[in-house]
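# Structural overview
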Amino acid sequence: MMNWNLYSRGDKFFAIMVSIMVGMFTVATLYPFIYIAAVSFSSGFAAQAGKVVITPIDATLEAYGYIIVDPQFWISYRNTFIYTIGGTIMSLAFIIPGAYALSRRQLKGRRFFNLFIAFTMWFNAGLIPFFLNMRDLNLLDSMFGIILAFAVNAFNIILLRNFFESIPQSFEEAARMDGANDFQVLWKVYVPLSKPAIATITLFCIVSRWNGFFWAMVLLQSEDKIPLQVFLRHTIAQLSDDDEFAILQTEAAFSAETVTAAIIVCSIIPVLIVYPFIQKYFEKGILLGGVKE
Amino acid sequence: MVDRNSDVGGIPIEEVVVEAKEALRDRAKTYTPDTSWTRMVDHFKREWQLYAMLAPTIIWFVVFLYKPMYGLQIAFKDYSIFRGVSGSPWIGFEHFEVLFNNDQFIRAFWNTIKISALNLIFGFPAPIILALMFNEILNARFKKTTQTIVYLPHFISSVIIAGIVITAFAPTGGIVNIILGWFGIDSIYFLTRPEWFRPIFVGTGIWQEAGFGSIVFLAAIAGVNPSLYESAVVDGANRWQMMWKITLPSILPTILIMLIIRIGNIMEVSFELVILLYQPATYETADVVNTWIYRQGLQSGQYDLAAAAGLFNALVAFVLVMTANTLSRRYSRTSLW
């Protein structure tokens, strides 16, 4: 970078203006989160009267009290962990060996298999045939169905295959001399050398599982199987037009707004905890998946 | 020449020759290095582990992605759950005729295009501008902190994003209406107003994705040759000029590729967020093809008609993606895949 002291007055002005604009965009990004947190800690009355702007008004934990006694909240929280951990392990179990095989030159029909996988990025059957297929497979309302049916996608396989291909052959030769087979070469040579790429894919899997909503809503009917996002959606929809709740909240210190906000805060917290650890990977990761044959 | 009268170890030469010929013929039967069949067998014996590793993935693709493609034939059938995909009778293009005469579907199609166009016009330049601005920030700590924050919304689920939007735009107590109130503007129930849906939707998209989208452009900027800036400084150029004359032209290939990808994805409006934000009052501007398919197919059970709409959508998307890839190959000499 350039030295500040060498900057002309015009350049200094420009740099300061840019910093202010970036600062404003950052505040605009952050503000909704602060606002939601403030609403979640405010009294229902203050939130409805439009008094909450940046700090909690009539600070109270009533909204949190309302959700933590709801067993459904904890069930769906647990389910989200099951889907995230189970789904990510399932994905890696498919993707790592699959990508390794596809990266090997001696694999017969390699071009065909690559095309077979890449084609699904260009064309997919759409919502209805996918849904009917899940029904035919008896995977409706099944936790295992959710974990299995979204385990693989072409993009992640291609990303890892590209990374494997970029590893020089010489790395595995020593292992081959010792009589290692493909499983051993993959596990002892390729996996350790591909940590950044595997970390990136793990990150993509975790994020999409944690946030997964649409198919969980469509495929799962039982309340004891739904993930947090579906529960959150039910609650938001329910609170905004539930007469029973309206009666309830006149006597309580919480409202539909504060309860919604409290659930949002609860489901963001794990993301915020993990975020600093994953940040160093996704900047690299997004570029790994970039332009390459 | 062979002397016919000589013998080999007491055996007449003719017999030896016959025997040798037979032996050769036998060997030719078992030892056939050039036929592809034995080579295949050898290959699979040696490399079976690779195929064992690949098999689960291939089977997964067949079961979860290719089998539904077979199921797409219901777009041309009078599908009933009891007869199943193969048992239902063919009816040709009837569903497509219904589809193209269905005002709601046509509306959903154009809404998809319009929302994508707005995304392209406003959403596409945002990460580029942001990346250019990040590049001008000298204070490393400030840069790192702001980047960390603006990447964050990308990792938040659309349910939460929708929850935030619903809370912030609420008619009473929502922050947007509070601010409007300061200027003496009456409260607006934004989410029931068709004219507000697209601005809110596209704005939300920019808020969520502009930061994360800037990573690609920042990487491109990092690859610009520093000597270009050095000679520009010698020539007395200021930062503003360098941004326009060096940085921007240098990252133009990346911009072009990202633009082509965006055009290829025009049919892919993030319908999850639409489902979470729209309501019957705003269908007029908010309903996109995938939300229409969701209502017709998964909610009303008209699977065959909805599958036809899905097939139409997929074909349009396929043509767009293929065109985009061809263009990218031409301009960047690398295809996207």
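Conventions used here
- Residues numbered from 1 in each chain as written.
- Chains lettered and ligands numbered in written order.
- Predicted model: local features only at pLDDT ≥ 70, side-chain atom pairs only at ≥ 80, totals over all residues.
- Heavy atoms only, no water.
- Axes fitted to C-alpha atoms, helices over the stretch in contact; angles between N-to-C directions.
- Helix = DSSP H or I, 4+ residues; strand = E, 2+ residues; numbered from the N terminus.
- Parallel < 35°, antiparallel > 145°, perpendicular 65-115°, else oblique.
- Left-handed = near helix turned anticlockwise from the far one by under 90°.
- Contact = heavy atoms within 4.5 Å.
- Domains from an automatic or database assignment.
- Buried area = accessible area lost by both parts, 1.4 Å probe.
- Salt bridge = Lys/Arg side-chain N within 4 Å of Asp/Glu carboxyl O.
- Polar contact = N/O pair within 3.5 Å; in protein donor to acceptor, adjacent residues only side chain to side chain.
- Nonpolar A, V, L, I, M, F, W, Y, C, P; charged D, E, K, R; others polar.
- Buried < 20%, exposed > 50% of the residue type's maximum accessible area, 1.4 Å probe, protein only.
- Core = buried A, V, L, I, M, F, W, Y, C linked by side-chain atoms within 4.5 Å.
- Phe/Tyr/Trp six-rings, centres within 6.5 Å; stacked < 30°, edge-to-face > 60°.
- Lys NZ or Arg CZ within 6 Å of the ring centre and 35° of its normal.
- Expected span 1.5 Å × (residues − 1).
- Bend = angle between axes of the 7 residues up to and from the residue.
- Patch = residues over 30% accessible without salt bridge, like charges linked within 9 Å, V, L, I, M, F, W, Y side chains within 5 Å.
- Areas by Shrake-Rupley, 256 points an atom, 1.4 Å probe, with all protein chains shown as cover.
- Lys, Arg positive; Asp, Glu negative; His and termini not counted.
- Charge placed at Lys NZ, Arg CZ, Asp CG, Glu CD.

Before going further, it helps to spend a moment on the packing of helix α11 (residues 226-234) of chain B against helix α12 (residues 239-250) of chain B. All names here are of chain B. Their axes nearest at 11 Å, the elements α11 and α12 cross at an angle of 165°. On the basis of their axis angle, the class for α11 and α12 is roughly antiparallel. As α11 packs across α12, the resulting crossing turns out to be right-handed. On the side of α11, the interface is formed by L228, Y229, A232 and V233, while α12 contributes M242, I246, T247 and S250.

A common way to express how large an interface is: the accessible area buried when the components associate. All names here are of chain B. Split by domain assignment, chain B resolves into domain 1 (1-31), domain 2 (44-92) and domain 3 (99-332). Measuring from the centre of the C-alpha atoms in domain 2 to the corresponding centre in domain 3 gives 33 Å. Domain 2 puts 8 residues into the contact, and the matching count from domain 3 is 5 residues. Buried area between domain 2 and domain 3, summed over both chains or domains, comes out near 540 Å², and the portion from carbon and sulfur atoms is 79%. Taken as a group, L72, I74 and A75 account for 61% of the area that domain 2 buries against domain 3, more than any other trio of residues on that side. Applying the counting criterion to the domain 2 and domain 3 interface returns 0 salt bridges. There are 1 residue pair in polar contact (both at pLDDT 80 or more) connecting domain 2 and domain 3. Partitioned by chemical class, the residues of the side of domain 2 that touches domain 3 number 6 nonpolar, no polar and 2 charged.

Okay, unusual backbone geometry next. Outside of glycine, negative phi angles account for most residues, and trans bonds account for most peptide bonds. Residue and element names in this part refer to chain A. Despite not being glycine, N138 has its phi angle at roughly 65°, a positive value. If you trace the backbone, N138 turns up in the loop between α6 (127-136) and α7 (143-149). The class of N138 is exposed, set by a relative accessible area of 66%. One non-glycine residue, D141, lies in the positive phi region at around 55°. For D141, the position within the fold is in the loop between α6 and α7. With relative accessibility at 16%, the residue D141 sits in the buried group.

Each partner contributes to the interface: chain B provides 96 residues, whereas chain A provides 98 residues. Each partner contributes to the roughly 9100 Å² buried at the junction of chain B and chain A, and carbon and sulfur atoms together form 78% of this total. For the pair chain B and chain A, the number of links is 0 salt bridges. Connecting chain B to chain A are 20 residue pairs in polar contact (both at pLDDT 80 or more). Among the elements that line the side of chain B that touches chain A, the one with the most residues is helix α2 (residues 36-71) of chain B, at 24 residues. Grouping the constituent residues of the side of chain B that touches chain A by class yields 72 nonpolar, 18 polar and 6 charged.

A few words now on the nonpolar core. A:I128, A:L160, A:F164, A:F214 and B:F61 are the most contacted members of the largest nonpolar core, which has 184 residues in total. Filtering out sequence-adjacent residues up to four positions away, A:F164 remains in contact with A:I96, A:A99, A:Y100, A:S103, A:L186, A:Y190 and A:S194. Counting residues in hydrophobic clusters, the runner-up holds 5 residues, among them B:Y229, B:A232, B:M242 and B:I246.

Moving on to the pattern of salt bridges. All names here are of chain A. Applying the stated criterion across every chain yields a total of 10 salt bridges over all chains. Where E165 meets R110, a salt bridge forms, and the shortest distance between an N and an O atom there is 2.8 Å. Placement of E165 in helix α8 (residues 154-165) and of R110 in helix α5 (residues 110-122) is noted, with a sequence separation of 55 residues between them. For the salt bridge of D141 with K225, the shortest nitrogen-to-oxygen distance reads 3.7 Å.

All names here are of chain B. Enumeration over the complete set of coordinates arrives at 53 aromatic pairs over all chains. Ring geometry for F109 against F312: centres 5.6 Å apart, planes inclined by 50°, an arrangement best described as tilted. Pair noted here: F109 is in helix α5 (residues 103-123) and F312 is in helix α17 (residues 303-332), with a separation of 203 residues, a long-range link. Taking the centre distance of 5.7 Å and the plane angle of 20° together, the rings of F197 and F201 count as stacked. Highlighted residues: F197 and F201, both in helix α10 (residues 194-222), separated by 4 residues, approximately one helical turn. Cluster of aromatic residues (ring-pair linked, three or more members): F76, F93, F96, F100, F105, F109, W110, W292 and F312. When the ring centre of W90 is taken as origin, the NZ or CZ atom of K77, which lies over that ring, is 4.4 Å away.

Tracing the backbone through its elements, the reader meets A:Q72 in helix α4 (residues 71-103). Setting aside its immediate chain neighbours within four residues, A:Q72 contacts A:E223, A:I226 and A:F231.

Moving on, we get to the environment of B:P125. You can see B:P125 is positioned in helix α6 (residues 125-136). Sequence-wise, B:P125 and B:A210 are 85 residues apart; in three dimensions their C-alpha atoms are separated by 8.8 Å.

Let's shift gears to helix α1 (residues 9-40) of chain A. With 32 residues, α1(A) ought to run about 46 Å at 1.5 Å a step, and its terminal C-alpha atoms sit 46 Å apart, in line with that. The largest bend along α1(A) measures about 30° and falls at A:L30, with the proline A:P32 one to four residues further on.

With that settled, consider a negative patch on the surface. Where like charges cluster on the molecular surface, the negative patch consists of B:E15, B:E19, B:E22 and B:D26. The partly exposed category is assigned to B:E22, whose relative accessible area is 44%.

This brings us to helix α11 (residues 195-211) of chain A. Residues and elements named next belong to chain A. Its 17 residues place the ends of α11 24 Å apart at the C-alpha level, agreeing with the 24 Å of an ideal helix rising 1.5 Å per residue. Where burial is concerned, most of α11 is hidden: 12 out of the 17 residues are buried. Where α11 is concerned, the buried positions are A197, I198, A199, T200, I201, T202, L203, C205, V207, R209, W210 and N211.

What follows concerns a nonpolar patch on the surface. Residue and element names in this part refer to chain A. The grouping of F13, I16, M17, I20 and M24 at the surface amounts to a nonpolar patch, some 500 Å² of accessible area in total. As for its position among the elements, M24 is in helix α1. Accessibility expressed as a relative area gives 54% for M24, which makes it exposed.

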